[in-house]
Amino acid sequence: TDNVIAFPYLLDRNNNLEYVGIINEANNLRKGGFSDTIISEKAKESETFLETAKRGLSEETGYDAEENDRWNYCGKISATKACATLHPCFLVNISNLKQNKVLGDGSKGEKLSKFKLVKPSQVIKFTDSLVLTMLFKYFLINYHDIFNK
């Protein structure tokens, strides 16, 4: 079963990108034992990729973005060239949504995780390539006229 990626973002009052949402999660392979990364959720057999993304967003961030027009499917990506697995990806606009309590899925890893909103300019310092890829996809999709000249 695929892991589905949800990449939340907030727009300012002028509809410009103000924040992106990431997860600071336990990762013993990283210095300090934590890593800033994307939200991903394992798909259940009975779910569509969009349903999985919505569930993952709610569990890991407390945001319930049920309206389909908030979501933008942006293809599949692989985590590395050494891996054949492709992950369906969604951008989701969480602007003007109320954040509820983060419930998680009950796993130890999610209990240690923390959702945070960061300025896009901070993302350039991240070492997680999936966060950088999703930010780039945001710009490619939302500013396609500039990139397709």
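The preceding data block contains the structure.
Residues numbered from 1 in each chain as written. Predicted model: local features only at pLDDT ≥ 70, side-chain atom pairs only at ≥ 80, totals over all residues. Heavy atoms only, no water.

Caption draft 1: Focus on helix α4 (residues 129–142). With 14 residues, α4 extends 20 Å between its outermost C-alpha atoms, agreeing within 8% with the 20 Å of an ideal straight helix rising 1.5 Å per residue. Every buried residue belonging to α4 is among L130, V131, M134, L135, K137 and Y138, and all of these are buried. For α4, the angular spread of the buried residues around the axis is 155°, confining them to a single face. Buried positions along α4 lie against β1 (3–11), β2 (17–26), β3 (34–37), β5 (71–77), β6 (87–93) and α3 (120–123). (Helix = DSSP H or I, 4+ residues; strand = E, 2+ residues; numbered from the N terminus. Expected span 1.5 Å × (residues − 1). Buried < 20%, exposed > 50% of the residue type's maximum accessible area, 1.4 Å probe, protein only. Arc of directions from axis to C-beta. Contact = heavy atoms within 4.5 Å.)

Caption draft 2: Highlighting the packing of aromatic side chains. Taken as a whole and judged by the stated rule, the model has 6 aromatic pairs. Taking the centre distance of 4.9 Å and the plane angle of 65° together, the rings of Y9 and Y138 count as edge-to-face. Within this pair, whereas Y9 is found in strand β1, its partner Y138 is found in helix α4, the two being separated by 129 residues in sequence. You'll find Y9 and Y138 in the same group, each marked buried. A centroid spacing of 5.7 Å and a plane angle of 25° characterise the contact between F139 and Y143, whose relative ring orientation is stacked. (Phe/Tyr/Trp six-rings, centres within 6.5 Å; stacked < 30°, edge-to-face > 60°.)

Caption draft 3: Region of interest: the pairing of β2. Strand direction decides the pairing type here: β1 and β2, joined by 3 bridges, are antiparallel. Residue pairing for β2: Y9 is matched across the bridge by V20. Between β1 and β2, which follow one another and run antiparallel, lie 5 residues, and N15 among them has a positive phi close to 65°. Sheet analysis places β2 next to strand β7 (residues 114–118), joined by 5 bridges and oriented antiparallel. (Pairing = 2+ DSSP bridges.)

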